Amino acid sequence: DGGITQSPKYLFRKEGQNVTLSCEQNLNHDAMYWYRQDPGQGLRLIYYSQIVNDFQKGDIAEGYSVSREKKESFPLTVTSAQKNPTAFYLCASRYAGERNSPLHFGNGTRLTVT
Amino acid sequence: RKEVEQDPGPFNVPEGATVAFNCTYSNSASQSFFWYRQDCRKEPKLLMSVYSSGNEDGRFTAQLNRASQYISLLIRDSKLSDSATYLCVVNRRGGADGLTFGKGTHLIIQP
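A short tour of the structure in this document, coming up. Along each chain, residue indices are assigned from 1 in the same order as the chain's sequence is written. Here chains are named by letter from A upward and ligands by number from 1 upward, in the order in which they appear as written. Reporting in this predicted model follows two pLDDT cut-offs: at least 70 for local features of residues, and 80 or more for side-chain atom pairs to be given and counted; totals over whole chains, interfaces and linings ignore these cut-offs and use all residues. With hydrogens and water excluded, all non-hydrogen atoms of the structure serve as input to the side-chain values.

Residues and elements named next belong to chain A. Turning to its location among the elements, T77 is positioned in strand β8 (residues 76-78). Pairs of N or O atoms within 3.5 Å make up the polar contacts considered here, provided that, within protein, one atom can donate a hydrogen while the other can accept it, and that residues adjacent in sequence are counted only when both atoms are side-chain atoms. A polar contact is formed between the side chain of T77 and the side chain of T20, at a distance of 2.9 Å. In contact with T77, not counting residues within four places along its chain, are N18, V19, T20, G63, Y64 and S65. Helical segments are the DSSP runs of H or I of at least four residues, strand segments are the runs of E of at least two, and each set is numbered from the N terminus. Residues count as neighbours in contact if any of their non-hydrogen atoms are within 4.5 Å of one another.

Structure representation (structure tokens):
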């Protein structure tokens, strides 16, 4: 079955360490996204990518970095520069260029930094 | 006015009742609309897209009112399993980065 896989499900890190969250999809979607969700808040866009080797900053990109070396993969690195990294991180994908194409989400990574 | 706004609730509704909630959006040029369901500590899952003429999927009906700039979701014969947070998503520009999420409406179906 096609889908989006995020790993790990839970991640614990010490303050000052960089950490990379994995996202892989086999839906053949062009566009991939990273969102952050905090309790009681809506989803906020961190980065997105419409094609391989290209990506754009979203609304809250500071302290994060991404790469898109393969169509299937869009890893997110949370750097030590991110001031409040503890959150629920969601990866999503959709067909680019089709405005009515909905987002499909992975099952999320819950990051806790202490 | 916020770009996408939802009543956070919670809506407490007895099992079997009909419940409806709205989502307002500020950009009149918004082009596509979706309802997602999110269970506690889980990822959002697509419930239904919202089409201009309105659409129905079983007990769920979605409607778009462009003149008043809102979409609605109606749930008939509510089940305990309908308890969740319902997120409204608006594609305000039609592009890859135009998707904006509401904060969600929390629905609790009571036995």
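The interface is formed by 20 residues belonging to chain B together with 23 residues belonging to chain A. Each reported salt bridge corresponds to a side-chain nitrogen of Lys or Arg within 4 Å of a carboxyl oxygen of Asp or Glu. At the boundary of chain B and chain A, one finds 0 salt bridges. On the surface where chain B and chain A come into contact, there are 2 residue pairs in polar contact (both at pLDDT 80 or more). Looking at the side of chain B that touches chain A, the elements that each hand over two or more residues are β4 (32-38), β5 (44-50), β9 (84-91) and β10 (99-101) of chain B. No other element matches β4 of chain B, which puts 4 residues into the side of chain B that touches chain A. Taken together, the residues of the side of chain B that touches chain A break down into 8 nonpolar, 7 polar and 5 charged. Each residue gets one of three labels, nonpolar for Ala, Val, Leu, Ile, Met, Phe, Trp, Tyr, Cys and Pro, charged for Asp, Glu, Lys and Arg, and polar for the others, Gly among them.

Turning our eyes to something else, we now look at the side chain of S73 of chain A. Residue and element names in this part refer to chain A. The topology assignment puts S73 in the loop between β7 (64-66) and β8. Within the local environment of S73, its side chain forms a polar contact with the side chain of E24, the two groups lying 3.0 Å apart. Residues contacting S73, with those up to four places away along its chain left out, are C23, E24, M32, S67 and R68.

Before going further, it helps to spend a moment on the environment of R37 of chain B. All names here are of chain B. Looking at the secondary structure, you find R37 in strand β4. Between the C-alpha atom of R37 and that of A84, which follows or precedes it by 47 residues, the distance is 6.5 Å. Other than its neighbours up to four places away in sequence, R37 contacts E43, P44, K45, L47, S81, D82, S83, A84, T85 and Y86. Here the side chain of R37 touches D39 through a polar contact of 2.9 Å, side chain to side chain. Looking at R37, its side chain comes within polar contact range of the main-chain oxygen of S81, at 2.6 Å.

A few words now on the packing of aromatic side chains. For Phe, Tyr and Trp, rings pair up if their centres lie within 6.5 Å, where Trp contributes its six-membered ring, and each pair is then called stacked (planes under 30 degrees apart), edge-to-face (over 60) or tilted (otherwise). Scanning the entire structure with this criterion turns up 13 aromatic pairs over all chains. Between Y33 of chain A and Y35 of chain A, the ring centres sit 6.1 Å apart and the planes meet at 15°, which makes this aromatic pair stacked. Comparing Y33 of chain A with Y35 of chain A, the two get one shared label, buried. Measuring from ring centre to ring centre gives 6.1 Å for F105 of chain A and F101 of chain B, while their planes differ by 70°; the resulting arrangement is edge-to-face. Taken together, the residues F105 of chain A in strand β10 (residues 104-105) and F101 of chain B in strand β10 connect one chain to another. Classification of residues uses two cut-offs on accessible area relative to the type maximum, computed with a 1.4 Å probe and protein chains only: under 20% is buried, over 50% is exposed, and between them is partly exposed.

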